[in-house]
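Listed here are the chains, written in short residue letters.
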Amino acid sequence: MSEQSIGVFDSGLGGLTAVKELIKVLPHENIIYFGDTARVPYGNRSQKTIRRYAKQDADFLLSKGVKLIIAACGTVSSVATELYTELPVPFTGVVVPTATAAVNATRNGKIGIIGTSATINSGSYKKEILRQNNGITVFQQDCPLFVSLVETGFISPDDDIVRLVVERYLCEMKKDGIDTLILGCTHFPIIAKAISDYLGSNVCLIDSGRETALYAANILKTNGLLNKESTAGSCSYYVTDTVESFRHTAEIFLGKSVEDEVRHINIEQVALQ
Ligand code: DGL
């Protein structure tokens, strides 16, 4: 079992922020990434649709024989909570690890949460934070345009469009005096510099991709599922839209090129098999 791959999925490219950290903390693991690039974004869709997509995505990874599944997507983790109990392999989403890191990081007890509309409407991060510490004050804002900016490569902190959207979404939280901000969508760490430039360096940004990778590493350790240290880990990527567009933007997320490792699949067809 320990030689099997770790399966990671997201609606698009955002989950690569978790993959980047997984490669760092677990260099001997094989990773299979699924990005539903033809159907991104999930964050504006109904709960029913998000659940259906999440099941198809997880089933695809199970068909690859993975030993652990990570929903590296704030939206899926917040809405398709049945995945926690229904999968035959260990599973984690991003909500618990990220909320835990935020609760540990805050000094003034004011935490901001940003995510997709589905994530914010679900109240998932807020509930988890208050479950851990009900003395914390939580401020929430959905930021759907951040996903579009990232998926289309508008990520430079010097870009006027990026600066404008960041200011529009975050001005209230800035006034509220948060000292910790949860980047509750795995796309958002890619524009962390722009967010930090606006809020100031005294606000601690919590990267859901990073925290979830660390949490997943711990699950593997405690379940005796780590791969042999003699193995050089590998990554392969499956996407539902074109391989070319994924390659281009994935390079920005991962900081390295992905060439032969990317394949196209038709998820609706896979789901019918
Ligand atoms: N990366 C995703 C998330 O964490 C998704 C964005 C979307 O599909 O709307 O929520």
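Attention in this report is confined to the structure presented alongside it. Residue positions are given per chain, counted from 1 along the sequence in the order it is written. This being a predicted model, a pLDDT of at least 70 is required before a residue's local features are given, and a value of 80 or more before pairs of side-chain atoms are given or counted; all residues contribute to the totals for chains, interfaces and linings. Hydrogens and water molecules were not included; the side-chain quantities draw on all heavy atoms of the structure.

Another point: the site of the ligand. The immediate surroundings of the ligand are formed by 14 residues, with Ser-11, Tyr-42, Gly-74, Thr-75 and His-187 found nearest. One nitrogen or oxygen atom from the side chain of Ser-11 is found 2.6 Å from an oxygen atom belonging to the ligand. Throughout this description, a polar contact denotes any pair of N or O atoms lying within 3.5 Å of each other; where both atoms belong to protein, one of them has to be capable of donating a hydrogen while the other can accept it, and for residues adjacent in sequence the pair is counted only when both atoms sit in side chains. Thr-75 is positioned with one of its side-chain polar atoms (N or O) 2.7 Å from an oxygen atom of the ligand. Exposure was quantified through the Shrake-Rupley algorithm and a 1.4 Å probe, taking into account, for residues, occlusion by the shown protein chains and nothing else. Within the complex, 99% of the 300 Å² of free accessible area of the ligand lies under protein. Any residue with at least one heavy atom within 4 Å of a molecule or strand is counted as near it.

This brings us to the sheet that holds strand β6 (residues 137-142). Ordered by their spatial adjacency, four strands build an open sheet running β6-β5-β7-β8, and the pairing between neighbours is parallel. At either end of the open sheet lies a strand with only one pairing partner, and these are β6 and β8 (204-207). Sheet twist, expressed as the average angle between the axes of neighbouring strands with direction ignored, equals 20°. Here the rule is simple: two strands pair whenever DSSP picks up at least two bridges between them. A run of H or I in DSSP counts as a helix once it spans at least four residues, and a run of E counts as a strand once it spans at least two, with each numbered from the N terminus. Note that strand β7 (residues 180-183) and β8 share four bridges and pair parallel. Along β8, the bridge assignment pairs Ile-182 with Ile-206. Those strands touched by helix α11 (residues 208-222) are β7 and β8, and its axis lies near 55° from that of β8. Fitted lines through C-alpha atoms serve as axes, helices being fitted only where they are in contact, and the angles separating the N-to-C directions of these axes extend from 0 to 180 degrees. For this analysis, residues touch if any pair of their heavy atoms sits within 4.5 Å.

A separate point is the packing of helix α1 (residues 16-25) against helix α12 (residues 243-254). Orientation of α1 relative to α12, taken along the N-to-C sense of each, is 55°, at an axis distance of 9 Å. The pairing of α1 with α12 is recorded here as oblique in orientation. Helix-helix and strand crossings are classified by hand; for α1 and α12 the assignment is right-handed. The residues of α12 that touch α1, namely those facing Leu-16, Thr-17, Val-19 and Lys-20, are Phe-246, Ala-250, Phe-253 and Leu-254. In this count, Pro and Cys sit with the nonpolar residues alongside Ala, Val, Leu, Ile, Met, Phe, Trp and Tyr, while Asp, Glu, Lys and Arg are called charged and the others, Gly among them, polar. When grouped by side-chain class, the residues that make up the contact of α1 with α12 number six nonpolar, one polar and one charged. Relative orientations are named as follows: roughly parallel for angles under 35 degrees, roughly antiparallel for angles over 145 degrees, roughly perpendicular for angles from 65 to 115 degrees, and oblique for any other angle. Put simply, a crossing is left-handed when the front helix is turned counterclockwise from the back one by less than a right angle, and right-handed when it is turned clockwise.

Right, let's talk about the pattern of salt bridges for a bit. When a carboxyl oxygen of Asp or Glu is within 4 Å of a side-chain nitrogen of Lys or Arg, the pair counts as a salt bridge. Taken as a whole and assessed by the stated rule, the structure comprises 16 salt bridges. Between Lys-55 and Asp-59 there is a salt bridge, with the nearest N and O atoms lying 2.8 Å from each other. Taken together, the positions of Lys-55 and Asp-59, both in helix α2 (residues 47-63) and four residues apart, correspond to about one turn of that helix. Residue Lys-55 is classed as partly exposed on the basis of its relative accessible area of 46%. The partner of Lys-193 in a salt bridge is Asp-197, with the nearest N and O atoms 2.9 Å apart. In this pair, Lys-193 and Asp-197 are both assigned in helix α10 (residues 192-199), four residues apart and thus about one turn of the helix distant. Relative accessibility under 20% of the residue-type maximum defines a buried residue, over 50% an exposed one, and the middle range a partly exposed one, all with a 1.4 Å probe and only protein chains included. A relative accessible area of 51% means that Lys-193 is categorised as exposed.

Another aspect to go through is the sheet that holds strand β2 (residues 31-35). Strands pair in a sheet through their backbones, by hydrogen bonds, and they do so in one of two ways: parallel or antiparallel. The strand order across the open sheet formed by six strands is β4-β3-β1-β2-β9-β10, and the pairing between neighbours is parallel. At either margin of the open sheet sits one strand with a lone partner, and together these are β4 (91-92) and β10 (262-264). Pairing geometry for strand β1 (residues 6-10) and β2, over five bridges, is parallel. Within the sheet, the bridge partner assigned to Val-8 lies in β2 and is Tyr-33. Sheet strands in contact with α1 are β1, β2, β3 (68-71) and β9 (235-239), and its direction is about 170° off that of β2.

Only buried Ala, Val, Leu, Ile, Met, Phe, Trp, Tyr and Cys residues count toward a nonpolar core, and they belong to the same one when joined by side-chain atoms within 4.5 Å. With 55 residues, the main nonpolar core has Leu-16, Ile-114, Phe-146, Ile-195, Tyr-237 and Phe-246 as its most contacted residues. Among the elements that line this core, the one with the most residues is helix α9 (residues 160-176), at six residues. Grouped together as the second largest cluster of nonpolar side chains are 25 residues, Ala-58, Ala-80, Leu-87 and Ile-267 included.

Take the state of the cysteines next. The disulfide criterion is simple: two cysteine sulfur atoms within 2.5 Å. For the structure on display, the rule yields zero disulfides. Unpaired in this structure, Cys-204 has its nearest cysteine sulfur neighbour in Cys-143, at a distance of 17 Å.

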